[in-house]
Structure formats: structure tokens, C-alpha cells
Amino acid sequence: MTQPTIESVLNENRTFAPPEAFASDATIGSMDKYQELYDRAAADPAKFWAELAESELHWFEKWHTVLDWQPPVAKWFDGGKINITYNCLDRHLTTARKNKAAIIWEGEPGDSRTYTYAQLHREVCKAANAIKAMGVKKGDRVGVYMPMVPEAAIAMLACARIGAVHSVVFGGFSAEALRDRLNDGEAKLVITADGGYRKDKTIPLKSAVDAALADNAAPSVTNVLVLKRTGQDINMAEGRDVWWHDLVDAASADCPPEPMDSEDMLFVLYTSGSTGKPKGVVHTTGGYNLYTHVTTKWTFDLKETDVYWCTADVGWITGHSYIVYGPLSNGATSLMYEGVPRPSNPGCFWDVVEKYGVTIFYTAPTAIRAFIKMGDDLPNARDLSSLRLLGTVGEPINPEAWMWYHTVIGKERCPIIDTWWQTETGGFMLTPLPGATPTKPGSATKPFPGILAEIVDLDGNPAAADEGGYLVVKYPWPSMMRTVYGNFDRFRRTYWEHIQPKDGNYMYFAGDGARKDKDGYFWVMGRVDDVINVSGHRLGTMEIESALVSHPAVAEAAVVGKPDDLKGEAVVAFVILDGGFEGGDDLAKELKGHVTKEIGAIARPDEFRFADDLPKTRSGKIMRRLLRNLASGQEIAGDTSTLQDRSVLDKLRGGA
Ligand code: PRX
């Protein structure tokens, strides 16, 4: 494991107090209030969460044990019976929210739809009955491979309604990546669409599903439910594939929610690690419902009238927690947008803000950096006066991007919440509360109440102020991941064994390096493992390496990230070719296509360096630290005494 460095420490001293107009109207409107909540939660986390579980959620039956913590296994609200869709839908129907917009959807070619809570409830019940009719039962896994359409959220909620476990796979992943995920989770059903719109093109989702299932390569899948979205030509396999409009439209709208045990699995979501294949992060029902509910309510300081827009795709955890479950559990209006900014429509995000009067806007630093490049004229030409709160997620935000967001989009009026969290954490861990926390550009500020975060060394000793170390969480929280699907041992090794406190306590190891300043503000510096973050998407270097070596020309490959102004990190691949193959632009192009096919376009290397050898230790281990130096054009830093052959470095420095 690489030791986190603080070379990149920001000399950032600016502090922005919450705007008075915002704070005076906020649920948590001062640091005193935050501190009171934080201290109360820290003194007795189980009591704190139990009180919230009681006041914020509906339970069919109350739990008998708030927290059963047998490290690293946590059970929250054990014995409690709950259904997250009851909290997201049914309970709003007896209130004034019944006819409030639950989902506002803006489709890519200009179509739009709105679902009120009553309509969404109806559609979810119909879809739930449809998937039941296909033989899906409580506990079965269902793959969801959809474009950004309301039916993606409906499919997830329909699964949760009957207790099936959804496993959403981002529509940008390839057929191969989809197949791996379906097989790992032994999915019974796949819900997909003929295609989706992305950047002026249609993406062929159904044909990717066909390729994933071809030759019985994903034998657990018995049916495919297909939404008609683009109308493109597709094959429908007799007896296996069914149209959504045939089955769902005809289904009954009466589907009572299945009472789930609090610890029953809600979903699996695959994410990249530093070793092996992506792992299926398992989240369960009660704790996840509670934590996403409370974090949405306080961190976005939700008001009944908000129009809330999170620009993520439902294929990522951000979409799960903060497009679907958190906002709907709060009865909020959640906007879904199918498009992404692109040269033919660079102002599209600001058009959507103006069209719907968006009040809360939550996006990724990589998008903000792209907007900066496109110029201030685009946002300045739109009416953004409805905005009252801005958020970012997915990667560290550079202070320049933060300041642009603050001035050009927020007009110095909107607080910015920089939320640090992960697929594994289920919800926000470090974040300002916008009416309370003074912000510093580039810092995710402080832990959410109930989260005992710390910066430590490998023995679990706390780091001094401004000293770099590993970001850990010292106590369980309700939405923590419960296991890696089908591989508890990997869960234990990956998250619970890196940090070994002398007192035998367990600490959750997040995989990020960070520091805490003298004011107790956290500054996340990035991954300390072999995970890279490209445009806010998390990729395992080993996954890309495996994809590369599966190409006949490649004998060995090592992939590292290098800093990139737009994407945060770019992917650089060092490749040793098999005899007879010649490195060059043509082969680089071919290898890019190969990685796209194996994983998806998001993992495509930006740069190739063809080499005869890689820098290795005498025991044969690739020295990635040196490759990172080379990729970013830096001087070779640190100790190179264990290097087998120094001349390799000189050859690689040239680049190709
Ligand atoms: O490195 C951190 C980075 O994204 C990782 C988690 O990625 P993923 O599970 O895909 O979830 C992304 C959306 C929650 C973290 O380990 N990360 C996420 N948010 C931030 C961040 N790094 C710095 N600042 C953030 N706000």
C-alpha cells in the first residue's frame, strides 16, 4: 500500500460562512446546533439513530436491537420490519404530497414526463406485479441495465417492493462487464431498454444484453424485460424476452409492500477495488433507508418546495442514494435528466435549471471543470436565480473549480456542500451542513453527526493536525456496506484489516488518504490503493490491466493514473508487447477499442507507452510509484534502490 503523501496539500485559507439568508431559514442553522447534534450522536450513536429511525421512518414492526456490532458485522434495527418503498411512496399518499411531483424527467431528445407520488406508486406496483409474474421472488437478484429514464427508478423500486435485490449496472458498461456482474450475483431477470440516448447517439442496450447472455454465458438469467425507448431494431428472444409495455401496462396496480427484515438485502452494486474483479457491495434495508433519508434531509436542508437535481446516473451509488431513495423517502421532487453536456448542447444543464426552477443542484467536479472550459456566457445567459444550494461529489474539487461554482453558478449566494462518501458507505460521511458549516474550498469539512471519522497511521494512531494519513471510520453507521456479495472474506480483508489498532478495535478503512487541519476540517487527497478516479468514476487499475492482457498483442501491462485538468485523473497504460507486434498509434487505437469492449468507454486508456520492460523490484513486483512519476512527467521520487534494472526508467521516460 502506498503511504499517503501531503505534497499536494492545498494552501487554502479562504473560509465562507453560510450566507445569513440561508442559515436563518435552515433546519440546522448554526455550528452550535451542529456541534450539539454531533456530540449527542458521538456519545451514544445507537440511541441517536434509534430516535431518528422512530421519528423519520415507518416500520411495520419495531426492532428489538438497535445495533448488534460483532466486528466487522453490524446489524442495525434487527427484528424490525420495513419496506423502503412504503417510506418512499405509500406514506406520502395520505398527505398533501399525493399529487406533488416525485420525479420530473427531462429526456435527451426533448421529451419530458412528470410522475406525481400517486402516479409513481401506481407504476411501481404495476412493475412489481409484472416482475413477480416472471417468477421473481423475495431475495432473487435482478439486473437493471437502463438508460436515465424514470423506468430505471421504477424498476429499482419495483424490486424493493417485493423484496427482490436489484443490481443496477451502469448503461455505459460493456456486454462483458454486464455478464460478469449478472453471473456474480446470479441474476434471474434483467430489466433493460432497446437503447438509450447518449451524446447525440443511441446506445444499444438490448443488443449488449443479448451478447452478455449469448451461448448461455449467464445461465441464471431466465427472462429479460425490455422497455421501448429509442425504437431501434432489436431481437426479442422467444420465451425469454418480454416487452415492458406488454407486461407492465397490463399488470394490476395493487401490490402490497413486502415486509422486509431490516437486515434483508436491498441491493448489490458493483464497484472497483485494487485487486481482482469488481466487488458486489451489499446494502441492506432499514439502516440504508434511515441514513439516506436523514443525510438527504439535513445536508440538502430540504424544503417542501425544493426542486432537487442530482446529475448522476442511477447506475452509480449517487443515483441510488440521492436520486431515488433519499429524496423520495423525504417526499421531495427529484429531477432526472437523460442528457450530458456536449458540444452540440453545451448549455443544456443550465436550460434544465431554468426550465424547472431547480433549487438544489448536485454534480461532480469533473462537470464543473468542463463548464469552466465552455465559458461563463452559457450560464450567464440563463436565469439561475432559483438555485439556493450547490453540491459536489465523486472526487476532490480543486479550489479554482470551487470558486467558479461559487461565483458564476451560485452568484455568491448559494452554499456549496462538498460531500465525501463511497459506494460502500451508502451515504454522505464528510460534508458541510449548509446552514451551519463555514466552508473552505477543497475541503469536505466535517463528519456528519453519528460518523466517527479520523485520520490515522497503520496502527490506528491519530495523525497530528495537517499530517497526512488514512481516512477511517471508527464506529458503525446505519448504511455501511454489510459484505461483498458472496465473499465475506474479501470484505473483511479489504476494509477491516489494513488498520490494526493495538487495542484490537476495528476501523473501517476507506482507501483514501487525507489530512485534518487545525480547525478539524478534513481534506481528502485521493486513493492510496490501485484505484483511479477518472471523471468521478472509480476504476481498478488491475481491471484495465486484465482487459489489456486479454488482447493477443499484450504480454504485460501496468496502468496508472496521471493528473488531468479536466478528468481529475487520466489513464496511462504501460504495455509490453508479445513478439511480432509493433507499438504505435494503430495498435493504441485497437487496444482502446479492446478495453471499451471488455469494460466500457469509461475505462479506455488515454495514453499508451509501449516498452520492453517495466520497472520491477528484485522480487519481480512492478513499482507503480515510479510509473506514476513517469506518466506525469515528474522526477523519479523516493527510494529506487530495490529496482532491478535502472536503465528501464530511462527507456520509459521517452514516451510514445
Ligand atoms: O476517493 C474517494 C472519491 O471517490 C471514492 C468513492 O467512489 P465511489 O464509490 O464510486 O463513490 C463515488 C460517489 C460517492 C472515494 O473513495 N470521492 C468521492 N467523493 C469525494 C471523493 N474524493 C474527494 N472528495 C469528495 N467529495
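Below, the structure is looked at part by part. (Residues numbered from 1 in each chain as written. Predicted model: local features only at pLDDT ≥ 70, side-chain atom pairs only at ≥ 80, totals over all residues. Heavy atoms only, no water.)

1. Here's the deal with the site of the ligand
Next up, step 1: For the ligand, the set of nearby residues contains 17 residues, the closest of which are D418, T419, T423, D512 and R538.
Next up, step 2: D418 places a side-chain nitrogen or oxygen 2.7 Å from a nitrogen atom of the ligand.
Next up, step 3: Note that a nitrogen atom of the ligand is positioned 2.7 Å from one of the backbone N or O atoms of T419.
Next up, step 4: When isolated, the ligand has an accessible area of 540 Å², and the protein chains bury 95% of it.
Next up, step 5: Of all the elements in the fold, those that place two or more residues in the shell around the ligand are α11 (317-329), β20 (416-419) and β25 (522-527). (Near = heavy atom within 4 Å. Polar contact = N/O pair within 3.5 Å; in protein donor to acceptor, adjacent residues only side chain to side chain. Areas by Shrake-Rupley, 256 points an atom, 1.4 Å probe, with all protein chains shown as cover. Helix = DSSP H or I, 4+ residues; strand = E, 2+ residues; numbered from the N terminus.)

2. Brief notes about the packing of helix α13 (residues 365-374) against helix α15 (residues 399-409)
Next up, step 1: Two elements in contact, α13 and α15, have axes whose closest approach is 10 Å; the angle formed by their N-to-C orientations is 70 degrees. The angle between the axes of α13 and α15 places the two elements in the roughly perpendicular class. Contact with α13, carried on its side by I368, R369, F371 and I372, involves A401, W404 and Y405 of α15 and no other residues of that element.
Next up, step 2: The residue makeup of the contact of α13 with α15, split by class, is six nonpolar, no polar and one charged. (Axes fitted to C-alpha atoms, helices over the stretch in contact; angles between N-to-C directions. Parallel < 35°, antiparallel > 145°, perpendicular 65-115°, else oblique. Contact = heavy atoms within 4.5 Å. Nonpolar A, V, L, I, M, F, W, Y, C, P; charged D, E, K, R; others polar.)

3. Topic: the sheet that holds strand β7 (residues 165-168)
Next up, step 1: The strand order β12-β11-β8-β6-β7-β14-β15-β23 describes an open sheet built from eight strands, whose pairing is mixed. Strands with a single pairing partner mark the edges of an open sheet, and in this sheet they are β12 (241-243) and β23 (483-484).
Next up, step 2: When strand β6 (residues 141-145) meets β7, the two strands line up parallel, connected through four bridges. By the bridge assignment for β7, V144 is matched with V168. (Pairing = 2+ DSSP bridges.)

4. Overview of unusual backbone geometry
Next up, step 1: Going from P71 to P72, the amide bond is cis rather than trans, its omega being -5 degrees.
Next up, step 2: Note that P72 resides in the loop between β1 (65-70) and β2 (73-78).
Next up, step 3: With a phi close to 45 degrees, E186 is a non-glycine residue in the positive phi region.
Next up, step 4: Of note, E186 is situated in the loop between α7 (175-185) and β8 (189-193).

5. Here we look at the side chain of R490
Next up, step 1: Within the element layout of this structure, R490 appears in helix α16 (residues 488-496).
Next up, step 2: A polar contact of 2.9 Å, which involves the side chain of R490, links it to the backbone oxygen of K277.
Next up, step 3: Filtering out sequence-adjacent residues up to four positions away, R490 remains in contact with T275, G276, K277, P278, K279 and V484.

6. Points about the sheet that holds strand β22 (residues 469-473)
Next up, step 1: Reading across the sheet, the four strands line up as β21-β22-β24-β25 and stay open at both edges, with antiparallel pairing between neighbours. In this open sheet, the two edge strands, each paired with only one partner strand, are β21 (453-456) and β25. Strand-to-strand, the axes of this sheet are offset by a mean angle of 45 degrees, without reference to chain direction.
Next up, step 2: For β22 and strand β24 (residues 508-516), the ladder comprises four bridges, and the chain directions are antiparallel. Directly across from Y470, in β24, lies its bridge partner G513.

7. Quick word on the pattern of salt bridges
Next up, step 1: For the structure on display, the rule yields 48 salt bridges.
Next up, step 2: Residues K502 and D459 are paired through a salt bridge, measuring 3.4 Å at the closest nitrogen-oxygen approach. Here K502 is found in the loop between α16 and β24, whereas its partner D459 is found in the loop between β21 and β22, with 43 residues between them in sequence.
Next up, step 3: With a relative accessible area of 70%, K502 lands in the exposed category.
Next up, step 4: Beyond isolated ion pairs, a larger network of salt bridges with shared partners links E36, R40, K47 and E51. (Salt bridge = Lys/Arg side-chain N within 4 Å of Asp/Glu carboxyl O. Buried < 20%, exposed > 50% of the residue type's maximum accessible area, 1.4 Å probe, protein only.)

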